[in-house]
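Examining the three-dimensional arrangement
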Amino acid sequence: MPDYFLITGGYVYDPANGIDGQVKDLWIAGDKIVEPPSDPTVRPTRTLNAAGLVIMPGGIDMHCHIAGPKVNAARKMRPEEKRNSEKIMRTAVTHSGTMGSVPSTFATGYKYIGLGYTTAFDAAVPPLAARHTHEEFEDTPCIDKGFYVLMGNNHYVMNAARDGDDERLRNFTAWLLGAAKAYACKLVNPGGVEVWKQQPSGNVRAIDENVEHFNVTPRQVIQAVARAVDSLKLPHSVHIHANNLGMPGNWTTTLETMRALEGHRGHMTHIQFHSYGGGDADENTFNSKVAPLADYVNANPNLTVDVGQVMFGKTTSMTGDGPLGYYLANVYKSKWFSADTEMEAGCGIAPIEYKNKSLVHSLQWAIGLEWYLLVQDPWRVVMSTDHPNGGSFLAYPHIIRMLMDRTYREDILKEVHPAVRGRSQLADLTREYSLNEIAIITRAGPARILGLKHKGHLGPGADADITIYTPHENKETMFELPRYVIKAGIILVEEGDIREEHMGKLLHVAPDYDRAAEAGIGQWFEDCYSIRFRNYPVGDDYSHVAEEISCGK
Ligand SMILES: [Zn+2]
């Protein structure tokens, strides 16, 4: 008979199983939630009395930047932040760490688990740098994690998309995900980063513009990768950072990108940054276009979004969108880091600051909130700040309060640039989220969108990743300091104190493909890469604990 751990008496919010605040016992055996024992005489080995407390599955951050070369470059780039921010002191069970907008690896793990988040995905890794990411993940304790590989400017991908060779791309995609031990396919400014690498200040401005030398358009790349992802039945859809991020008038590009999917699954990430009306670089015409875009998302169930909420304050922008990094460094006249990854990707980093006296920044803030409030189905909109681009993941409790408390939201609206009222609908939106809906957009929804069947819920078979909160009228207070955080059946955190260090799992996919395709990919490496084909795949010894998530049948 297993050792049972019983959590008893709490108000359970488990939207995936239709449980909305009912008092319910949870039985845990090992690292899984299980059916209550059928024999009523069976007693648990341990019991946690959660009477009066709120119980949810552990939080899931499906889009953040926490590991890999650009994150590490950003840490090194900003020593001034590290000096003056909170210090993470070593304890008997935890390592020391540094904060600032780009926390060190250990601090990242501790801060996520302290917030009740038990899983996080880094959204942009050049596959050539997969090893670096895995190494940092091994130093990111407490949470399960995975990453998405950059594919939108990969030379092999662009060639196959131009040739319309779906089979070649399908095999390459499956091979690449397996070789990098990645979780999903990411497009970042498809085609645009390649033009940036070729030409001074280069970029694409529309999805039908030609990418020189490759004679392919962003639309072709988006469609080809979306087809490959669906034909491989990957657990997560193609994850799209559209062209023209941050540019006034970019909403038409975003709409065209969603249409280009032609019914294939697609996740539009940090969509706040892609929802702007207005003319070329003219601040006076900048306005919100969430309404028509949200209408389109509402009408098309193949689409999901995460928000990329902007928070006022200083942070660091880091992106696979090379030209965007250059643009931001010019706007802020700040430090700038840029790097190209040979056949695969680009990268840009710049310190930035969102000010509530700025019209543009105030509108960005309002546009993010409009997204939460205008997508009707909470299962298709996910909480994110695109950490650290829009702000830190530590802002999630504050965002929850703004969504659940309309008066509080209106108070903040009074402090931002006054023109926001005329250029966004935020002031007219009266919707308030319920606890059940918060549980959807922070855990149940992202789990479903990621195809993680054993996460984001509390039914039998689920990972025993559980967050227990003390109810409070102020929802920011409630969510910023969970009473208990349980990871894989272990109570890791009690009121902010980490009681035990735990290494989470790596979540990855390894789709099947035609092994005969390796000859062609190997030749491509011989001809073009700085690394041998046989040395490229990440070995099984790179992760201590890995879990392969299976593809659909
Ligand atoms: Zn991002």
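Overview of the structure. Computed from a predicted model, the values in this text were never measured in an experiment.

1. Quick word on the environment of Tyr-332
Along the polypeptide, Tyr-332 turns up in helix H11 (residues 322–332). Classification of Tyr-332 by relative accessible area gives partly exposed; the value is 24%. Linking Tyr-332 and Pro-351, residues 19 residues apart in sequence, is a C-alpha distance of 7.9 Å. Ignoring sequence-local partners within four residues, the contact set of Tyr-332 consists of Pro-351, Ile-352, Glu-353 and His-361.

2. A closer look at the environment of Leu-435
Of note, Leu-435 is situated in helix H16 (residues 435–450). Overall, Leu-435 belongs to the buried group, its relative accessible area being 14%. Each C-alpha atom, one on Leu-435 and one on Met-311, is 22 Å from the other, the two residues being 124 residues apart in sequence. Excluding its chain neighbours within four sequence positions, the residues that come into contact with Leu-435 are Tyr-13, Val-54, Met-56, Met-404, Met-478 and Phe-479.

3. Describing the side chain of Thr-173
On the secondary structure map, Thr-173 appears in helix H6 (residues 166–180). The exposure class assigned to Thr-173 is buried, which follows from its relative accessible area of 0%. For Thr-173, the contacting residues outside a window of four places in its chain are Met-151, Cys-185, Ala-228 and Leu-232.

4. Overview of the sheet that holds strand E2 (residues 11–14)
The 7 strands are arranged E3-E2-E7-E23-E24-E25-E26 in an open sheet whose pairing can be described as mixed. Unpaired on one side and paired on the other, strand E3 (19–23) and strand E26 (497–498) mark the two borders of the sheet. Pairing geometry for strand E7 (residues 54–57) and strand E23 (residues 466–469), over 4 bridges, is antiparallel. The partner of Met-56 across the bridge, within E23, is Thr-467. Sitting on the sheet, helix H3 (residues 105–114) is in contact with strand E24 (484–487), strand E25 (490–494) and E26, with an inclination near 90° to E25. Along the sheet, H16 contacts E2, E3, E7 and E23; its crossing angle with E7, the most-contacted strand, is approximately 30°.

5. Some remarks on the coordination of the zinc ion
Protein-derived coordination of the zinc ion comes from His-63 (NE2), His-65 (NE2) and Asp-386 (OD), at a distance range of 2.0 to 2.1 Å. Between consecutive donors of the zinc ion, the numbers of intervening residues give the motif H-x1-H-x320-D. Remark: Asp-386 occurs in the loop between strand E22 (381–382) and helix H13 (396–404) and His-65 occurs in the loop between strand E8 (59–64) and helix H1 (69–77); sequence separation between them is 321 residues. Among the residues examined, Asp-386 registers a relative accessible area of 3% and is labelled buried.

6. Points about helix H14 (residues 406–415)
For an α-helix the count is 3.6 residues per turn, leaving residues at separations of three or four pointing the same way. Within H14 the residues assigned to the buried category are Tyr-408, Arg-409, Ile-412 and Leu-413. In a view along the axis of H14, the buried residues occupy a sector of 145°, so they form one face of it. The inward-facing, buried residues of H14 abut helix H12 (359–374), H13, helix H15 (420–423) and helix H17 (475–480). Between the side-chain oxygen of the N-cap and the backbone nitrogen of Thr-407 there are 3.2 Å, and the N-cap of H14 in question is Asp-405.

7. Re the side chain of Lys-145
Mapping Lys-145 onto the fold places it in strand E12 (residues 144–150). Although Lys-145 is buried, it makes no salt bridge; Asp-144 carries the closest opposite charge, 6.3 Å away. At 2.5 Å, the side chain of Lys-145 forms a polar contact with the backbone oxygen of Thr-140. Here the side chain of Lys-145 touches Ile-143 through a polar contact of 3.0 Å, landing on its backbone oxygen. Not counting residues within four places of it along the chain, the set of residues in contact with Lys-145 comprises Ala-120, Phe-137, Thr-140, Met-503, Gly-504, Lys-505, Leu-506 and Leu-507.

8. What to know about the pairing of strand E13 (residues 184–188)
When you tally the buried positions in E13, you get 5 out of 5 residues, the bulk of the element. Across the two faces of E13 the burial is the same, with Ala-184, Lys-186 and Val-188 and Cys-185 and Leu-187 all buried. Sheet topology places E12 next to E13; 3 bridges connect them, and they run parallel. Pairing of Leu-150 across the sheet is with Lys-186, part of E13.

9. Topic: the packing of helix H5 (residues 155–163) against helix H8 (residues 218–231)
Packing of H5 against H8 leaves a shortest axis separation of 9 Å and a crossing angle of 95°. Looking at the two axes, H5 sits roughly perpendicular to H8. Contacts between H5 and H8 involve Val-157, Met-158, Ala-161 and Arg-162 from the first element and Gln-220, Val-221, Ala-224 and Val-225 from the second. The residue makeup of the contact of H5 with H8, split by class, is 6 nonpolar, 1 polar and 1 charged.

10. Description of the packing of H6 against H8
Taken N-terminus to C-terminus, the directions of H6 and H8 make an angle of 65°; their axes are 9 Å apart at the nearest point. The interaxial crossing formed by H6 with H8 has right-handed handedness. Within the contact between the two elements, H6 uses Asp-166, Leu-169, Arg-170 and Thr-173 and H8 uses Ala-224, Val-225, Arg-227, Ala-228 and Ser-231. Taken together, the residues of the contact of H6 with H8 sort by class into 4 nonpolar, 2 polar and 3 charged.

11. Quick word on the pattern of salt bridges
Summed over all chains, the structure comprises 33 salt bridges. Two residues, Arg-78 and Glu-80, come together in a salt bridge whose shortest N-O distance is 3.1 Å. Using a relative accessible area of 8% as the deciding quantity, one classes Arg-78 as buried.

12. Points about the nonpolar core
One broad trend across soluble globular proteins is that nonpolar side chains are buried collectively. By size, the foremost hydrophobic cluster in this structure holds 148 residues, and its most contacted members are Trp-175, Tyr-183, Trp-371, Tyr-372 and Leu-403. For Trp-175, the contacting residues outside a window of four places in its chain are Tyr-513, Glu-518, Ile-521, Phe-525, Phe-533 and Tyr-536. Counting 19 residues, the second largest nonpolar core, distinct from the first, contains Ile-7, Ile-466, Ile-468 and Tyr-484.

Calculation rules
Residues numbered from 1 in each chain as written. Predicted model: local features only at pLDDT ≥ 70, side-chain atom pairs only at ≥ 80, totals over all residues. Heavy atoms only, no water. Helix = DSSP H or I, 4+ residues; strand = E, 2+ residues; numbered from the N terminus. Buried < 20%, exposed > 50% of the residue type's maximum accessible area, 1.4 Å probe, protein only. Contact = heavy atoms within 4.5 Å. Pairing = 2+ DSSP bridges. Axes fitted to C-alpha atoms, helices over the stretch in contact; angles between N-to-C directions. Donors = N, O, S within 2.8 Å, 3.2 Å for Na, K, Ca; no water. Arc of directions from axis to C-beta. Polar contact = N/O pair within 3.5 Å; in protein donor to acceptor, adjacent residues only side chain to side chain. Lys, Arg positive; Asp, Glu negative; His and termini not counted. Salt bridge = Lys/Arg side-chain N within 4 Å of Asp/Glu carboxyl O. Parallel < 35°, antiparallel > 145°, perpendicular 65-115°, else oblique. Nonpolar A, V, L, I, M, F, W, Y, C, P; charged D, E, K, R; others polar. Left-handed = near helix turned anticlockwise from the far one by under 90°. Core = buried A, V, L, I, M, F, W, Y, C linked by side-chain atoms within 4.5 Å.

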